[in-house]
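Residue-level listing of the chains:
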Amino acid sequence: MTGKTVATINSTGRQAASFIRAASAVGWHVRAQIRNREGMVAEELAALPNVDLIEGDLEGPQRPALLNHLFAGAKIAFVNTVHWGDEVAIGRACADAAKRAGVAHYVYSSMPDHSTFGHDWKALPMWASKFAIENYVRQLGIPATFVYTGIYNNNFTSLPYPLFQMDLQPDGSFIWQAPFHPDDPLPWLDAEHDVGPALLQIFKMGPNHWKGQRVTLAFEKLTPLQCCARFERGVGRPVRYVHGPIAIKVQIPSGYREQLDILQETLGKNRAPYFGPDLEYPREGRSIWEGHRGIEEYAREAFPIEEYANGLRWMEEEGSATPSVAGSEFDDGESEADPRGSRPMTPAGRPMPMHVTGAYTPKSHPEGLDASFFVGSM
Ligand code: NAD
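All figures in this text were calculated on a predicted structure; none of them were measured in a lab.

Spatially, seven strands are ordered β3-β2-β1-β4-β5-β6-β11 in an open sheet, and the strand pairing comes out parallel. Every interior strand has two partners, whereas the edge strands, β3 (51–55) and β11 (214–217), have only one. Taken over all neighbouring pairs, the strand axes of this sheet differ in orientation by 20° on average, direction set aside. As paired elements, strand β5 (residues 105–110) and strand β6 (residues 144–149) share five bridges and run parallel to each other. Its bridge partner lying in β6, V107 is registered against T145. Sitting on the sheet, helix α1 (residues 14–25) touches β1 (5–8), β2 (29–34), β3, β4 (76–79), β5 and β6, and the angle it makes with β2 is about 155°. Of the strands in this sheet, β5, β6 and β11 are in contact with helix α5 (residues 125–140), which crosses β5 at around 160°.

Printed below as a string of structure tokens:
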């Protein structure tokens with residue numbers, strides 16, 4: 001396995017960064033496009049062994065040269081396009097460049113277009129562009145696999161972001177309000193923890209194994225009620241689900257508002273399955289990667305740390321509310337002093353788990369809410 005060279009784009013994003021950490025750890029060479037070197041994830045990637053950061057914007061006249069440089073020598077690629085800029089044009093340009101470079105396994109992070117399923121469901125615009133790119137990649141004929149990602153565990157935040165706010169109540173409990181029917185199953189994914197190892201395995205099995213297949217990256221199938229019960233056990237406080245409209249409490253980009261409106265209609269009112277009617281989960285993801293982090297473990301280990309890093313301090317206060325389900329201790333199982341003495345500490349005074357220290361993406365800037373987070377949140 002050692003010696004493989006892989007190209008990635010949007011490398012500071014949660015999906016690509018997770019993959020780069022895993023690829024670097026097993027000795028692969030990574031050619032990682034980033035927009036600039038600002039931010040803690042870019043700094044972290046720069047310090048990883050075997051990772052070449054290739055700086056440049058995917059929009060603009062320099063794009064062909066940037067992509068030719070990025071894919072030079074790469075035989076495999078993981079491409080996750082994002083909403084910023086003309087996503088379809090960027091997605092097509094990446095596939096063209098990969099074809100020119102002779103990439104032998106191209107993994108594209110796609111999403112479904114719900115208008116194609118014949119049920120009068122509307123397409124979620126930010127997902128339909130990915131499906132259009134998937135179709136282009138298929139037409140080009142490069143050996144490709146398409147991964148479909150579930151809802152990230154770390155979309156949850158007590159900050160007032162729409163759709164996944166874990167709204168902290170005066171009694172210390174949380175409420176999650178969303179338009180998903182309380183009994184409809186949803187796919188869950190800990191993107192930072194599990195995208196990387198799952199992709200390593202997909203690449204290892206190779207394009208002939210997958211034959212252009214769609215592969216679901218989702219490790220738990222939980223209704224909103226089940227999700228809240230597990231979150232409650234993890235965080236050790238009551239978590240209640242409210243089936244209701246998406247609350248917009250802060251300014252959001254207009255494209256994201258349209259995405260949320262249609263999500264509310266298609267996945268909420270019309271109860272369309274998240275991946276559409278055909279794709280199954282979580283058996284497939286679990287057969288690829290057995291070490292996933294579920295929502296309960298996320299809520300116990302990572303959520304309080306992310307919240308703390310976002311300037312929130314509820315985890316230091318004794319919540320007057322007690323969970324209705326027997327709660328697990330806030331115990332990361334790593335209470336011994338770190339021999340290198342360099343690990344940050346959790347709010348409970350224990351060394352932070354390694355996968356959290358290496359994987360945390362802040363949701364907000366100190367000066368205010370970070371608009372870029374909205375667009376990543378489905
Ligand atoms: P992320 O949200 O963690 O980070 C955003 C990335 O976009 C960064 O790498 C950033 O550098 C990059 N970017 C490119 N141009 C930018 C610009 N002009 N301004 C700001 N940032 C810019 O990324 P991610 O989570 O790896 O991928 C996001 C994609 O994943 C989105 O298209 C989203 O629809 C999709 N997705 C998300 C979920 C979820 O639950 N959050 C589920 C399925 C799919």
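What follows concerns the pattern of salt bridges. According to the stated counting rule, one finds 14 salt bridges in the structure shown. Ionic pairing is found between K249 and D167, a salt bridge with its closest N-O pair at 3.2 Å. One end of the pair, K249, is in the loop between β13 (239–243) and α9 (254–269); the other, D167, is in strand β8 (residues 166–168), with 82 residues separating them in the sequence. With a shortest N-O distance of 2.8 Å, D184 and R271 are connected by a salt bridge.

The predicted coordinates of low-pLDDT regions are not to be read in fine detail. For the protein, per-residue confidence averages 88 on the pLDDT scale, and 84% of positions sit at 70 or higher. Counting interchain partners and residues more than four positions distant, the pLDDT-below-50 stretch residues 325–360 has 69 contacts. Scored below 50 in pLDDT, residues 364–369 shows nine contacts in the model against residues more than four places distant or in partner chains.

A full pass over the atoms with the stated rule returns 23 aromatic pairs. Summarising the aromatic geometry, the rings of F19 and F203 are spaced 5.5 Å apart at their centres and angled 40° between planes, so their arrangement reads as tilted. A residue pair is termed long-range when its members are at least 10 positions apart, and F19 in helix α1 and F203 in helix α6 (residues 191–205) qualify at 184 residues. Across this residue pair, the class does not change: F19 and F203 are buried. Here a set of aromatic residues connected by ring pairs shows up, and it is made of F156, F164, F174, W176, F180, W188, F231, Y241, Y298, F303 and W314. The ring centre of W28 lies 5.8 Å from the NZ or CZ of K4, which sits over that ring. One Lys or Arg, R313, reaches over the ring of Y308 and ends 3.7 Å from the middle of that ring.

Calculation notes
- Residues numbered from 1 in each chain as written.
- Predicted model: local features only at pLDDT ≥ 70, side-chain atom pairs only at ≥ 80, totals over all residues.
- Heavy atoms only, no water.
- Pairing = 2+ DSSP bridges.
- Helix = DSSP H or I, 4+ residues; strand = E, 2+ residues; numbered from the N terminus.
- Axes fitted to C-alpha atoms, helices over the stretch in contact; angles between N-to-C directions.
- Contact = heavy atoms within 4.5 Å.
- Salt bridge = Lys/Arg side-chain N within 4 Å of Asp/Glu carboxyl O.
- pLDDT = per-residue confidence, 0-100.
- Phe/Tyr/Trp six-rings, centres within 6.5 Å; stacked < 30°, edge-to-face > 60°.
- Buried < 20%, exposed > 50% of the residue type's maximum accessible area, 1.4 Å probe, protein only.
- Lys NZ or Arg CZ within 6 Å of the ring centre and 35° of its normal.

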